[in-house]
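# Overview (structure and organization)
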Amino acid sequence: EKDVKEAIGDYESVCELSGINMDNAPFRSAVLRDSNDRTLGVWNRELKTLGIVLRRTNYGEADRILNLITPEGKISAIAKSVRRVKSKLAGSVEMFTLSRIQIHLGRSELGIITSAQMIEHFSEILKDYERMTLAGMMLRKNNKSAEHTDSPEWFEITKPVLAAIHNGTNGA
């Protein structure tokens, strides 16, 4: 029987020989099996993607549940300890922010955000009440629509609309 570390090494070797760069792949996972085809476990189920927060809900003392729209579709994830003063995730998972996010996908529907890096913050939206109302309404509608049709196109719609509201353009 193969040891789990050997199986992971074999998986990485196959990816390397196949020309697959796992650092750039959106999903990093593999089902590890022994010689009798018994599952040993799932290795490193991580999703690296861009995301925009559609909705956030405080959970417990310091956590926050986020609904994110990504190029892979809508994803729900929990940001642990994000409401603490020294949280490294706090600025990257705010409303009206485009971030590069890494999510650990476990057995439940709710992923765990392990890292986040802010790419663009649409700060002008927060300076004007009308812009903030319009952007908030758009995010709520996208959140509801993405529930019924989990499609990656929602990300491609949301990003330029937030940028237009941020820049004060109406598309005309």
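Residues numbered from 1 in each chain as written. Predicted model: local features only at pLDDT ≥ 70, side-chain atom pairs only at ≥ 80, totals over all residues. Heavy atoms only, no water.

## What about the overall build of the protein?
Convention followed: Numbering of helices and strands runs from the N terminus; a helix is a DSSP stretch of H or I covering at least four residues, while a strand is a stretch of E covering at least two. Exposure categories follow from relative accessible area, calculated using a 1.4 Å probe and restricted to protein chains: below 20% of the type maximum is buried, above 50% is exposed, and the middle band is partly exposed. The contact definition used throughout considers only heavy atoms, calling two residues in contact when any of these lie within 4.5 Å. Where accessible areas are quoted, they stem from the Shrake-Rupley method and a 1.4 Å probe; at the residue level, only the protein chains shown are allowed to cover.
What the protein contains, in helices and strands, is 4 helices and 6 strands. N-terminal to C-terminal, the α/β element order of the protein is α-β-β-β-β-β-β-α-α-α. A burial count over the protein gives 36% of its 172 residues as buried. Excluding contacts between residues fewer than 6 apart, the proportion of contacts in the protein whose partners are at least 24 apart in sequence is 51%. With an accessible surface of roughly 10,600 Å², the protein has 50% of that area assigned to carbon and sulfur atoms.

## Structural notes on the pattern of salt bridges
Applicable threshold: We define a salt bridge as a contact between a side-chain nitrogen of Lys or Arg and a carboxyl oxygen of Asp or Glu at a distance within 4 Å.
What the rule picks out here adds up to 4 salt bridges. In this structure, Arg-64 engages Glu-94 in a salt bridge whose closest nitrogen and oxygen atoms are separated by 3.6 Å. Linking Arg-64 in strand S3 (residues 63-70) with Glu-94 in the loop between strand S4 (73-79) and strand S5 (97-104), this pair joins segments that are 30 residues apart in sequence. Taking relative accessible area as the criterion, Arg-64 reaches 10% and is therefore assigned buried. Here Glu-94 falls in the partly exposed class, since its relative accessible area comes to 25%. A salt bridge links Glu-124 to Lys-127, with the nearest nitrogen and oxygen atoms 3.1 Å apart. Note that Glu-124 and Lys-127 are positioned in helix H2 (residues 124-127) at a spacing of 3 residues, about one turn of the helix. Under the relative-accessibility criterion, Lys-127 is labelled exposed at 62%. Several salt bridges share partner residues, and in doing so they unite Arg-56, Arg-64 and Glu-94 into one network.

## Some thoughts on the confidence of the model for the protein
Defined as follows: A score from 0 to 100, pLDDT tells how confident the predictor is in each residue.
Chain-level statistics for the protein give a pLDDT mean of 77 and a share of 72% at 70 or above. A low-confidence stretch, residues 1-5 stays under pLDDT 50, and its non-local contacts, those more than four residues away or across chains, total 7 contacts. The low-confidence segment residues 24-28, where pLDDT is below 50, has 16 contacts with residues more than four positions distant or belonging to other chains.

## Details of helix H4 (residues 153-167)
What counts is decided by this rule: Each helix should span, by expectation, one fewer than its residue count multiplied by 1.5 Å. Read the arc as the range of directions from the helix axis to the C-beta atoms.
With 15 residues, H4 extends 22 Å between its outermost C-alpha atoms, agreeing within 8% with the 21 Å of an ideal straight helix rising 1.5 Å per residue. Burial in H4 covers these residues: Trp-154, Phe-155, Thr-158, Leu-162, Ile-165 and His-166. Looking straight down H4, one finds that the buried residues subtend no more than 100 degrees of arc, so they occupy a single side. Every exposed residue of H4 that faces more than 90 degrees away from the buried side is listed here: Glu-156 and Asn-167. Gly-168 lies just past H4 and shows a positive phi near 80 degrees.

## Considerations on the environment of Lys-48
For Lys-48, the position within the fold is in strand S2 (residues 39-59). By relative accessible area, Lys-48 is classed as partly exposed at 31%. Between the C-alpha atom of Lys-48 and that of Gln-102, which follows or precedes it by 54 residues, the distance is 4.5 Å.

## Things to note about the pairing of strand S6 (residues 111-121)
Cut-off, in case you're wondering: We call two strands paired when DSSP finds no fewer than two bridges between them.
In this structure, S4 lies alongside S6, joined through 2 bridges in parallel fashion. Its bridge partner lying in S6, Ile-78 is registered against Ile-112. Between S5 and S6, which pair antiparallel in sequence order, lie 6 residues.

## A look at the environment of His-104
How we decide: Definition of a polar contact: a pair of N or O atoms within 3.5 Å, with one able to donate and the other able to accept a hydrogen when the atoms are protein atoms, and with sequence-neighbouring residues admitted only if both atoms are side-chain atoms.
With respect to the element layout, His-104 can be found in strand S5. Classification of His-104 as partly exposed rests on a relative accessible area of 30%. Through-space distance from the C-alpha of His-104 to that of Leu-47 is 6.4 Å; in sequence the pair is 57 residues apart. What His-104 contacts, discounting residues up to four positions off in sequence, is Arg-45, Glu-46, Gly-111, Ile-112 and Thr-114. A polar contact of 2.9 Å, which involves the side chain of His-104, links it to the side chain of Glu-46.

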